Each structure stands twice: as structure tokens, then as C-alpha cells.
Number of protein chains: 2
Amino acid sequence: MPSTLAHDSVQSWMKKVPAWEHKQDHIERVFEFDDYISGMDFVNSVAEIAEGANHHPDMNISYAKVAVVLTTHDKGGLTESDFEVAIRIDNLVD
Amino acid sequence: MPSTLAHDSVQSWMKKVPAWEHKQDHIERVFEFDDYISGMDFVNSVAEIAEGANHHPDMNISYAKVAVVLTTHDKGGLTESDFEVAIRIDNLVD
């Protein structure tokens, strides 16, 4: 598993996922859908990516709004794995 | 849609869902599973109940731990719908 990224590397990765917010030790993006079922379809697609990558974001579902939070708990901060998964999640919707 | 419940009614309903915590305007229960896939199966079962009842709890997924939060947003508090859905969610696991 990769180690946590230096500040400069985080800044560099952030350019690849501009829709995400960098907050302290994690990145977060809120996805909004037209209805609950569409939101749940997204949640299941994220879960599939997460299992494949063995890297599981937190997800907070509030009706058709899904907040996805990525951090590397074992390392106590952001690693390349977080951004790799974020890019794959972006590809689901963008 | 039913109106918010009086304090006594909430106390009475809480006896039917003792695993849930009553916090201000909502009730919450955290469900823990052996692995991520089992947690996601549960999330999808809750989503099916939610769609059927047209009453959608918030769900916070953190690996194999799923927190379910029920309140009736339109009414600004707890209604019978919250407890009816809570009982159906409990039936998935208990």
C-alpha cells in the first residue's frame, strides 16, 4: 500500500479530480441524482470499484444525494489509492 | 403523511425498536457486518424497503458498518413512518 502523499503531490493529484474537495486528511465529492434509485445505482457502482481496488470510500446517502469520502485509514491520510479510486468514480458520471 | 409524534408516543414506539437510539429529532441504529459485500447487501435491502414505503432513511456506509438514520424531514421530526420502517429494517437482521 502506498504511503501518504506530500502536500505538493496532493495539489498535483487534485488537478485531476477538480470536482472533489480536499479537506484535511480526506477528499470528498457530493453527487446528486434525479431520484433515489439512480443514487442507489451509483452507490452500487462505487461499491464495485471499491471491492475491485480493495479500497473502500465512506458513502453517505441522503435520498438522491450521495457524498463520497476517500482517505487511507491505515496510513492516516491521503495516498495515491484515494485519487485512483476518485478518478474511477468520476468516470461513472462525468 | 402522519404528523410528528408526542413524547409519550415516541417512548412507546421505542420499546418496539430497542436497538435504535433516539436522538433529538431522529432515531439511529448502526449495523455491523463481517465484510463489505454483506454490508452492501443490507444497504440494498434497506433501499428496497425505503422505495416501497416511500420513506428513505439516510445511510452512512463505512466499510462493513452501516448507520441508518430515520426522521420525517417534511414534518421536522419523528412520525409513525419512521418506526414502521425501522421495524422492517430490524426484521432484515434480527
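So, here is what we can say about the structure in this document.

Quick notes on the rules
Residues numbered from 1 in each chain as written. Chains lettered and ligands numbered in written order. Predicted model: local features only at pLDDT ≥ 70, side-chain atom pairs only at ≥ 80, totals over all residues. Heavy atoms only, no water. Helix = DSSP H or I, 4+ residues; strand = E, 2+ residues; numbered from the N terminus. Buried < 20%, exposed > 50% of the residue type's maximum accessible area, 1.4 Å probe, protein only. Polar contact = N/O pair within 3.5 Å; in protein donor to acceptor, adjacent residues only side chain to side chain. Contact = heavy atoms within 4.5 Å. Least-squares fit on C-alpha atoms with pLDDT ≥ 70 in both. Salt bridge = Lys/Arg side-chain N within 4 Å of Asp/Glu carboxyl O.

Brief notes about the side chain of H26(B)
Residues and elements named next belong to chain B. Mapping H26 onto the fold places it in strand β2 (residues 26-32). Judged by relative accessible area, H26 falls into the buried class, the value being 17%. Of the polar contacts made by the side chain of H26, one reaches the side chain of D25; its length is 3.0 Å. If near-sequence neighbours (up to four positions away) are discounted, H26 is found in contact with E21, V69, L70, T71 and L78.

Examining the relation of the copies chain A and chain B
The operation relating chain A to chain B is a screw motion whose rotation component is 180°, with 0.0 Å of axial translation and a residual RMSD of 0.0 Å. Between the two chains, the operation in question is that of a two-fold axis. Rotation axis and chain A: the residue whose C-alpha lies nearest the axis is N60(A), separated from it by 2.2 Å. Looking at the interface residues of chain A, 100% of them are also at the interface in chain B, so both copies use one shared face.

Looking at the pattern of salt bridges
One pass over the full model with this rule turns up 7 salt bridges over all chains. Two residues, K23(B) and E21(B), come together in a salt bridge whose shortest N-O distance is 3.9 Å. Accessibility expressed as a relative area gives 31% for K23(B), which makes it partly exposed. Members of the salt-bridge network, linked through shared partners, are R29(A), D90(A) and D94(A).

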